[in-house]
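Results of the structural survey
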Amino acid sequence: MHYTRKADKRYEYFDALKKNTDQGHAEEINRNILRCHTSSRERLQHYEGLYLDIFAITGQPKSILDIACGLNPFSLPFMGLADFEYIVSDADVATCNLLKDYFVLTQSRGVKGTVLCLNLLSDGDLETIRKLPLVDVCFLFKILDLLDKRGHKRSEMLLTAVNAHYVIASFATMTISGKMMRKPRRAWFERMLQRLNYSYTLITRKNEIFYVITKHHS
């Protein structure tokens, strides 16, 4: 987990979100919550355009699986979607509980939310992912680099376990010190995709590179 120094304020912001009735103000509160996590904070200025680019490739999904999601589900107002199923997972119990409360609020927009508390280093939890129903799109945002200690076996296990038409896997393009990586594309990942016979399209943003992977044709 990479929460910012404002991490604890996410609960305060969420309390404000529950009391809010103005849609415009609600989106600003969502932005404040997204600022509480490093990855979603970096994505803030790109969310709307990013989802437009992703869904231009995948089509508008009726079901999304968001693995190791952090606070990314609070970007829901920027997806431009309604009446869809949104399954999310995270290893942090407090985050899972917050998201369960959030999905109570999203029901009015026809968003059917499900929260799974899963540890991706657990073989049993990977099996849980494998048994989930087919979804249109799966997000694997900035998680694969964190899974592998030696080699990339765990990443491959997760990627093959996901039952989705499209998988969007992202990676940071900047180092911890804030410098742009000399080679932001992941050669090891591209070799893996080629070996698994998965085609992909690249979407790039300043801090992040996204592989839009076709797993199962609709």
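The following paragraphs examine the structure supplied in this document. (Residues numbered from 1 in each chain as written. Predicted model: local features only at pLDDT ≥ 70, side-chain atom pairs only at ≥ 80, totals over all residues. Heavy atoms only, no water.)

In terms of helices and strands, the protein chain carries nine helices and seven strands. In terms of overall size, the protein chain behaves like a compact globule, its C-alpha atoms giving a radius of gyration of 17 Å where 218 residues would be expected to give roughly 17 Å. The principal-axis extents of the C-alpha atoms in the protein chain amount to approximately 50 × 40 × 35 Å. Looking at the protein chain residue by residue over its 218 residues, the buried ones come to 50%. (Helix = DSSP H or I, 4+ residues; strand = E, 2+ residues; numbered from the N terminus. Rg over C-alpha atoms; globule rule 2.2 N^0.38 Å. Buried < 20%, exposed > 50% of the residue type's maximum accessible area, 1.4 Å probe, protein only.)

Below, the discussion takes up the packing of helix α1 (residues 9-19) against helix α5 (residues 93-106). Remark: α1 packs on α5, axes separated minimally by 11 Å, with the N-to-C direction vectors making an angle of 10 degrees. Of the possible angle classes, the one that applies to α1 and α5 is roughly parallel. When α1 is examined against α5, the residues Arg 10, Tyr 11, Phe 14, Leu 17 and Lys 18 are found in contact with a partner set consisting of Ala 94, Thr 95, Leu 98, Asp 101, Tyr 102 and Leu 105. (Axes fitted to C-alpha atoms, helices over the stretch in contact; angles between N-to-C directions. Parallel < 35°, antiparallel > 145°, perpendicular 65-115°, else oblique. Contact = heavy atoms within 4.5 Å.)

Bringing unusual backbone geometry into the picture now. Non-glycine residue Asp 83 carries a positive phi angle of around 55 degrees. Looking at the element boundaries, Asp 83 is found in the loop between β1 (63-66) and β2 (84-90). We note that Lys 142 has phi near 50 degrees; this positive angle belongs to a residue other than glycine. Mapped onto the secondary structure, Lys 142 falls in the loop between β4 (135-141) and α7 (144-147).

What follows deals with the sheet that holds strand β6 (residues 199-204). In spatial order, the strands read β3-β2-β1-β4-β5-β7-β6; together these seven strands make up an open sheet with mixed pairing. Single-partner strands in this sheet number two, and they are β3 (111-117) and β6. Neighbouring strand axes in the sheet, compared pairwise and without regard to direction, differ in orientation by 15 degrees on average. Most of the contacts of α5 go to β3, to which it runs at about 170 degrees, and overall it touches β2 and β3. Helix-sheet contacts for helix α9 (residues 187-195) involve β5 (164-172), β6 and β7 (208-214), and the interaxial angle to β7 is about 5 degrees. (Pairing = 2+ DSSP bridges.)

Let us look at the pattern of salt bridges. Scanning all chains against the criterion turns up 12 salt bridges. Two residues, Glu 48 and Arg 31, come together in a salt bridge whose shortest N-O distance is 3.5 Å. With Glu 48 in helix α4 (residues 47-58) and Arg 31 in helix α2 (residues 23-34), the pair connects residues that are 17 residues apart, well separated along the chain. Owing to a relative accessible area of 45%, Glu 48 belongs among the partly exposed residues under this scheme. Between Glu 190 and Arg 185 there is a salt bridge, and its shortest N-O distance comes to 2.8 Å. (Salt bridge = Lys/Arg side-chain N within 4 Å of Asp/Glu carboxyl O.)

What follows concerns the environment of Ala 172. Turning to its location among the elements, Ala 172 is positioned in strand β5. When the C-alpha atoms of Ala 172 and Glu 208 are compared, they prove to be 4.5 Å apart, with 36 residues separating the residues in sequence. For Ala 172, the residues in contact, after removing those within four places along its chain, are Lys 142, Met 181, Arg 186 and Asn 207.

This part is about the environment of Leu 65. Residue placement: Leu 65 occurs in strand β1. In sequence terms Leu 65 and Ile 168 are 103 residues apart; their C-alpha atoms lie 10 Å from each other.

Further remarks concern α9. Along α9, the positions that sit buried rather than exposed are Trp 188, Phe 189, Glu 190, Met 192 and Leu 193. Residues of α9 that are buried make contact with α7, α8 (153-161), β5, β6 and β7. Asn 197 sits one or two residues past α9 and shows a positive phi near 65 degrees.

Take the pairing of β2 next. Within β2, six of the seven residues are buried, which leaves it mostly tucked inside the rest of the structure. Strand direction decides the pairing type here: β1 and β2, joined by four bridges, are parallel. Directly across from Asp 66, in β2, lies its bridge partner Val 88. As a crossover connection, the stretch from β2 through α5 into β3 is right-handed. (Right-handed = clockwise from strand over helix to strand, strands pointing away.)

Scanning the model with the defined rule gives one cavity of 30 Å³ or more in all. Estimated volume of the largest cavity: approximately 40 Å³. What lines the largest cavity is simply Glu 42, Arg 43, His 46, Leu 50, Arg 205, Asn 207, Glu 208 and Phe 210. Of all elements in the fold, only α3 (38-43) and β7 reach the threshold of two or more residues within the lining of the largest cavity. (1 Å grid on protein atoms, 1.4 Å probe; cavity = no way out; pocket = protein on both sides within 12 Å on 5 of 7 lines; lining within 4 Å. Points joined across faces, edges and corners; volume = space filled by probe spheres on them.)

Bear in mind that shape data such as this cannot, by itself, settle questions of function.
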